Structure formats: C-alpha cells, structure tokens
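Fold and contact review
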Amino acid sequence: MKGIVFTEFIEMVEDVFGPDTADEIIDGCDLPNGGAYTAVGTYDSRELLALVTALGKATSTSVPDLVQAYGKHLLTRFVVSYPDFFEGVESTFDFLESVETHIHVEARKLYPDAEPPRFTCERDGDHTLSMVYESTRPFADLAEGLMLGCFEHFDEDVTIEREDLRVDEGSRVRFVLRKAA
Amino acid sequence: MSDAGRDRRVERERAARKTAETLLEEKSRELFLAIRELEESRDHLDRILASMLNALIVTDVEGNIESMNTAARSLLGYEVEELEGRPLVELFPEDCVLRSEGIERLFETREARRGETTCTSRRDGTLQVQYSASVLETHDHEPRGIVCVLQDVSEQRSLERQLWRAQKLESIGQLAAGVAHEINTPIQYVGDNTRFVQQSVSDLTTLLAEYGRLVEKAKCGEALEEAIARIQQVAESVDVEFMLAELPVALEQSIEGVDRVAEIVGAMKQFSHPGSEEKTAVDLNEAVESSVTVARNEWKRVAEVTLDLAEDLPFVPALPGDLHQVILHVVVNAAHAIGEKNGDGEQGSIAVATRRSGDFAEIRIRDTGCGMSDSVKNRIFDPFFTTKPVGTGTGQGLAVSHDVIVNKHGGTIDVETVDGQGTTFIIRLPLDATVDASERPAA
Ligand code: HEM
C-alpha cells in the first residue's frame, strides 16, 4: 500500500489525538521501519491495520469507525493536495464516478506499483448512485469515509446504504448512495 | 511532548526522508535506464527501417507525406523535406487506383490495397513499382495515417519480358521441325511435278522437231510417208496422250503446293515479328487461322481442327506477336492433351470459335483431350508449373499467356475442364483499348 495512506494517517493522529498518542501507537506496533513512512514508499497494508487497531485501543474507539473517520479526513487532504481532481466537478456523484475512470488512473501514473480498488458505478436516475467496491484488501470502511468526506465537501445531503457481498478473497461491498431530493 | 518522544519523532522523520531520497535516486536511475532503452529501441527500429530494401512512406491522417525510409529516398530521389506535406497519391499517375479512388476510401474500408503502377523517380525516370497501402491506426484504432510500401519491379518486369521472348523462341524452335515437315510434303510434289513438266517439254520439243521436218518435206513436194511414220513413232514413245492429260494436273498441283508453302511461311512470319510493344488493330480470326496452320504438325495426327469464326468480329487492339503466341500455345496444349488421352489411336477434335460478346471479343478453344483435375486446374497459371516431363518445356507458357491476356490486354483467360473428357480455354479481350487492368485490389 502506498505510503501516502500511512503518512496522512499518522498526521491525522498527530493533529487529532496529539503527537504523544501517535508516538505511543507507533512504538507499540513494532513496525519493520520503526514508523518512518514516506509518501512515495510502498508498505504492507497490514501495518496500517496494526496502527489503526493500536489507535482503537488507545482511544477506546472501534476500528471501523476510526478507518471511516480517517477516510473523511483524507478527503479534505486530497482537496488540498490534488485540487485539479476537483476542478470543475459540481457534484458528489460526478466526482465519485471519476475515481474509477480518472483519479485512480492518474494515481497509477504517479505510483505504478499502486493497486487502487475497483469501483463499478451505476446511476439509477438523478438521485441514486450504486458503487460496488472490490479490493484485495479490507478497506471498504475507508471508501465509505472518503464518500462521507465528499458529501461534506460538495455540501450535499446523501445517505449511504451498505451491503457486504460475499467473496472468497479480498472484499466486495455495494454502496447505494441516495441524494435527498 | 516528552523529549524522548520528540527525539523519536525527529528520528522517524529523518529516516523517512532518507528512504524518500533513496527511492528518488532509484526512480531517477530507473527513469534513466527506461529512457535509454526507449532510445535504443527507437534507434533499432530506425535501423530496421533504414536497412529495408523496400521503400516505406508514412503519411498523416490527411494522406500527406510525413516520413520516408532510406530506400524510399533513394527510389524517389527526393529528401523527406522536399516531399513532406505533399499528398502521397501525387507520386502515382492519374490512372492508379490509389489516386483515382483517393485515400479516403482506404480510411473507410480499412482494407489494404495492393497493385502495380508506375511512379517517377528524379534520377531514373519512370519506374514500375508494386505497392501496398494500409491504414496505420492509433492504439485505440483511430486512423493515424497510411503506410505505403513500394518495391521497384522494373528489372523484374524486364527479365520477365526476356523470359517471354526466350519462351517464344523455344516454342518457335519446337515448331520449326513440324513446320519443316509441313513444307516438305508440298515441296516434294512440286519438285516431282516440275521434273515431269521438264521431261514433257523436252519430249514435246523432240516431237515438234519431227513435225518441222514433215512441214519441210511437204513444202519441197517430197514423199511424206516416212516422216509421218516417224512422228507416230515418236508420239507413241513419249506417250503424248498421257502427257497432255497430266500436264495441267501437274501444274495445278504445283501451284497448290506453292500456295500451301506460302501460307505456312506467311503464318510463320506472324510469329517471328519482332514483338511490337505497341497495340495495333488485330484480326483475331486471322490470328486463329495462322496459329492453327503453324501448329498443324502438332495436331494433325491426333485431332481434327474445326474453325467457327465470327465474320462480324471487330478488330481488337492488341500486341499481335504476343497474342499469336498465346493462341498457338493453347492450341498446341490442346493437341498434347488429346495425344495424352488417345495415344496414336482415335482422332480427337479441337474446335476453335470466335465471337463477339458484349464489349469483348472471345476465343474458345475446346478439346476432347484428357482434361485436368481441380488441383491441376488451380495451378495452371502459376509460373513454372507443368505436368509435362522435365525437359519438354519451361512451364512458363500458361503463366505468360495469363500475363499477356490479363495484364497486357486487360482481358481474361478462363478454363473449364472435366477430368478425362476435355478442356475449354476461353480468352476474352476488351474491344475498348482504354481498359487497363494492371492494377487490381488486393486479393
Ligand atoms: C483526489 C482523490 C483521490 C486520490 C488522489 C486517490 C489516490 C489513491 C491512492 C494513491 C491509493 C493507494 C493505492 C495503493 O496503495 O495501492 C488509493 C487507495 C484507495 N482509494 Fe483512492 N484516491 C482518491 C479518491 C478516492 C475516493 C473518493 C475513494 C472512495 C470512493 C477512494 C477509495 C480508495 C480506497 C478504498 C483505497 C484503499 C485501497 C483498497 O481499498 O484496496 N479514493 N487511492
């Protein structure tokens, strides 16, 4: 998994819970690189899960809730670091559809070894968008958080209905997004 | 934050920076290697194109010349800069399909075109070239331009012409023996008859001398009995009656023989014509007759030839020497096919018919010979294909015939055959000389 997911996570922990908490959980995880992450590096995604689990213990919060919160935070970071992807995009649905067709495509140009998830989008009228998330990793919560971040960014009232689909390996989740009329 | 905590954080940041720098160096090296590899492969590709013997010209999507390889530059005698931006089709003459149909058609159908045409080289003048033109596509199958490959076949064509001439000489050589035989028979009896006339003239002179003596004696009033008896004696000994009856026959036969020889010589002349490169109006019926005459020795023992020649057949614009050669070839083939089937036994038949069929003049040459299997039929027009024993021919005859009829005359040559029963060759020649079949779409 790309380092940017780690560096942003640690920054968030530092900002929200303070540098001591960040230091504490890193110290407690016994990471191969001692927690010295760089955005351009590539690391085992289980390290992130270990960090999140440690943070959950330290803050008595559930891991899914934390991952989701991180997703929401990450989107605000993307708005700052990658303003081009938001340029001229008017709505959540348009933006979310562009993740598969454009954003993750561009991401792979920057990081050829990246393995972003796959999203299959389908619109049902103006107000409903179905997105099926497929990944070799268990980061549907991150996706959900990123979506929530989008709703806030575009200031739209959207609800998410989530259905975990069965797969033999990795994860597959259908999100049905409904925009308030 | 505790000092120890801060120190650890600084340590982590430093380690992260180091990792990032190492990664950057690695990437930078990868990039360098990738660029070098790309340059090498481009260089390699350039060398391949440069070492190609065929001329390669690439155009943009408008059909304007964009680049050419070394062979193209030397074939055309121009540098890329001189032709850059010029329409590709302008390299070819007006009647070339590529030019007349325009390259839009290529983009529409995406079908490659192949053919033969001429193009002008700055150094060598007009060249005969074989071309292929195909659409160059982008990775998402949008037309990007045209790739045109040219091969100079001028030399090949000239070799083919030489081969054709050699083939012609070869068949003339083969025919010469037959023709000599054909001429020999009439010459023999013309000789016999002439000798008979010579003898008769000498006998008649003797007889006339006796008559002279009789007249002298009568003038002097001498007795005539003895002279008359002498005349009777001489007349009897030279058999005047027989002589007078036979002389006109002998003369008639001699004239016939001489005519026959003249006919054969005339037909032969059609073949030894120094192969004119210009088309002239040719009387197909006459071409058929003289070919049949020249080939007589080939067919007379195995077949009877019947001619059914259309009287209203217009003259055809053609190369007379080449055309005679083709008809002769097909007739001789027919005779051989019959010989192969019947041996020296039963007589077969060769029927040659001419007629007008729309805008074409048609010659049908039908034989009752051995016919051909489908596999043979499919290959008869291939160069060097022959079913005859080694040494009997170059196997060029029908291939060259095909070239003459199809490429040089814009006509067609077809064959209908039933294995074991016979073959019909159908030659059609356009009556309109402007038809040029040298360019065909790719098969
Ligand atoms: C400017 C916007 C975005 C950028 C630049 C971006 C870029 C990336 C990158 C570089 C990764 C790492 C892939 C890897 O480590 O192999 C990633 C992963 C991921 N992205 Fe995005 N992304 C963006 C927006 C989104 C949004 C809006 C969603 C959700 C709808 C999303 C969902 C995910 C998820 C769930 C992953 C985790 C990997 C996984 O699940 O397998 N991304 N993205």
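Predicted model, so just to flag it, every value in this text is computed and none were measured. Along each chain, residues carry numbers from 1 onward, in the same order as the chain's sequence is written. Note on labels: chains are lettered from A, ligands numbered from 1, in written order. With the structure being a predicted model, the display of local features is reserved for residues of pLDDT at least 70 and the display and counting of side-chain atom pairs for 80 or more, all residues being used for whole-chain, interface and lining totals. Here the side-chain values reflect all heavy atoms present in the structure, with hydrogen atoms and water set aside.

1. Topic: the packing of helix α3 (residues 45-59) of chain A against helix α4 (residues 63-81) of chain A
All names here are of chain A. To keep it simple, the criterion reads: Angles run from 0 to 180 degrees between N-to-C directions of axes, and those axes are lines fitted to C-alpha atoms, restricted for helices to the stretch in contact. Helix and strand definitions here come from DSSP, where helices need a minimum of 4 consecutive H or I residues and strands a minimum of 2 consecutive E residues; each element is numbered from the N-terminal end. Here roughly perpendicular refers to angles of 65 to 115 degrees, roughly parallel to angles under 35, roughly antiparallel to angles over 145, and oblique to all remaining angles. A clockwise turn of the near helix away from the far one marks a right-handed crossing, whereas an anticlockwise turn of less than a right angle marks a left-handed crossing. Any two residues whose heavy atoms approach within 4.5 Å at even a single point are treated as in contact. The nonpolar class holds Ala, Val, Leu, Ile, Met, Phe, Trp, Tyr, Cys and Pro. Asp, Glu, Lys and Arg form the charged class, and all remaining residues, Gly among them, are polar.
Running from N to C, α3 and α4 point in directions that differ by 110°, and their axes come no closer than 9 Å. Judged by the inter-axis angle, α3 sits roughly perpendicular to α4. For the element pair α3 and α4, the recorded crossing hand is right-handed. Facing α3, whose interface residues are Val52, Thr53, Leu55, Gly56 and Thr59, α4 presents Val63, Leu66 and Val67. Partitioning the contact of α3 with α4 into residue classes produces 5 nonpolar, 3 polar and no charged.

2. Points about the interface of chain B and chain A
Put simply, the test is: Two parts placed together each lose some accessible area under a 1.4 Å probe, and the buried area is that loss summed for both. Whenever a carboxyl oxygen of Asp or Glu lies within 4 Å of a side-chain nitrogen of Lys or Arg, that contact is scored as a salt bridge.
Counting residues at the interface gives 11 residues for chain B and 14 residues for chain A. Together chain B and chain A conceal approximately 1,000 Å² of surface at their shared face, both sides included; 54% is due to carbon and sulfur atoms. Where chain B meets chain A, there are 3 salt bridges. Residue A:Asp23 is joined to B:Arg8 by a salt bridge in which the shortest nitrogen-to-oxygen separation is 2.5 Å. Residues of the side of chain B that touches chain A, tallied by class, amount to 5 nonpolar, 3 polar and 3 charged.

3. Quick word on the sheet that holds strand β3 (residues 158-165) of chain A
Residues and elements named next belong to chain A. We apply this condition: Only when DSSP finds a minimum of two bridges between them are two strands counted as paired.
The strand order across the open sheet built from 4 strands is β1-β2-β4-β3, with neighbouring strands paired in antiparallel fashion. Two strands in the sheet have a free side with no partner beyond their single neighbour: β1 (118-124) and β3. Across the sheet, the axes of successive neighbouring strands diverge by a mean angle of 20°, strand direction being ignored. Relative to strand β4 (residues 171-179), β3 runs antiparallel, the two being bridged by 8 bridges. Residue pairing in the sheet places Val158 in a bridge with Lys179 of β4. Most of the contacts of helix α5 (residues 92-110) go to β1, to which it runs at about 145°, and overall it touches β1, β2 (128-135), β3 and β4.

4. Considerations on the site of the ligand
All names here are of chain A. As a reminder of what qualifies: Nearness here has a simple test: a residue counts as near a molecule or strand if at least one of its heavy atoms is within 4 Å of that partner. Between N or O atoms, a polar contact is any pair within 3.5 Å; within protein, one atom must be a potential hydrogen donor and the other a potential acceptor, and residues adjacent in sequence are included only when both atoms are from side chains.
Every one of the 23 residues lining the ligand counts as a neighbour, but Lys2, His104, Glu115, Tyr133 and Ser135 are closest to it. A distance of 2.7 Å separates an oxygen atom of the ligand from a polar atom in the backbone of Lys2. Taken together, the elements giving at least two residues each to the shell around the ligand come down to α5, β2 and α6 (140-153). Broken down by element, the shell around the ligand gets its largest block of residues, 5 residues, from α5. Here the shell around the ligand is composed, by residue class, of 18 nonpolar, 2 polar and 3 charged.

5. Looking at the state of the cysteines
Rules: Note on terminology: pairs of cysteine sulfur atoms within 2.5 Å are recorded as disulfides.
Under the counting rule described, the total for this entry stands at 0 disulfides over all chains. Left without a disulfide partner, B:Cys96 is nearest to the cysteine sulfur of B:Cys148, which lies 8.9 Å away.

6. Overview of the pattern of salt bridges
Rules: When a residue's accessible area, from a 1.4 Å probe over protein chains only, is under 20% of the maximum for its type it is buried; when over 50% it is exposed; and in between it is partly exposed.
For the structure shown, the criterion picks out 44 salt bridges over all chains. As a salt-bridge pair, A:Arg137 and A:Glu115 come within 3.9 Å of each other at their nearest N and O atoms. With A:Arg137 in the loop between β2 and α6 and A:Glu115 in the loop between α5 and β1, this pair connects stretches of sequence that are 22 residues apart. Overall, A:Arg137 belongs to the buried group, its relative accessible area being 14%. Overall, the relative accessible area of 47% leaves A:Glu115 in the partly exposed class. For the salt bridge of B:Asp43 with B:Arg47, the shortest nitrogen-to-oxygen distance reads 2.9 Å. Residue B:Asp43 and its partner B:Arg47 are both found in helix α1 (residues 3-51); the two are separated by 4 residues, about one turn of the helix.

7. What to know about helix α1 (residues 3-17) of chain A
Our working rule: Given a helix with a known number of residues, its expected span is that number minus one, times 1.5 Å.
The end-to-end C-alpha distance of α1(A), which contains 15 residues, comes to 21 Å, matching closely the 21 Å that a straight helix rising 1.5 Å per residue would cover. In terms of residue burial, α1(A) counts as a mostly covered element, since 11 of its 15 residues are buried. Among all positions of α1(A), only A:Gly3, A:Ile4, A:Val5, A:Phe6, A:Thr7, A:Glu8, A:Phe9, A:Ile10, A:Met12, A:Val13 and A:Glu14 are buried. For α1(A), the elements touching its buried residues are α2 (19-29), α3 and α4 of chain A together with α1 of chain B. Of the residues trailing α1(A), A:Gly18 is marked for its positive phi of about 95°.

8. Concerning the packing of α1(A) against α4(A)
Each pair of packed helices can be summarised by the angle the axes make with each other and by the distance between the axes. All names here are of chain A. Running from N to C, α1 and α4 point in directions that differ by 100°, and their axes come no closer than 10 Å. Our classification of the angle between α1 and α4 gives roughly perpendicular. Residues Ile4, Val5, Phe6, Glu8, Phe9, Glu11, Met12 and Phe17 of α1 touch α4, and the partners they reach there are Leu66, Ala69, Tyr70, His73, Leu74, Arg77 and Phe78.

9. As for the confidence of the model for chain B
Residue and element names in this part refer to chain B. Condition: The predictor rates its confidence in each residue with pLDDT, a number between 0 and 100.
Averaged over all residues, the pLDDT of chain B equals 85, while 91% of them reach at least 70. The weakest mean pLDDT in chain B belongs to helix α12 (residues 374-377) at 79; the strongest belongs to strand β1 (residues 55-59) at 95. Counted against residues more than four places away or in other chains, residues 433-443, with its pLDDT under 50, gives 22 contacts. Here the predicted complex scores 0.56 on pTM and 0.80 on ipTM.

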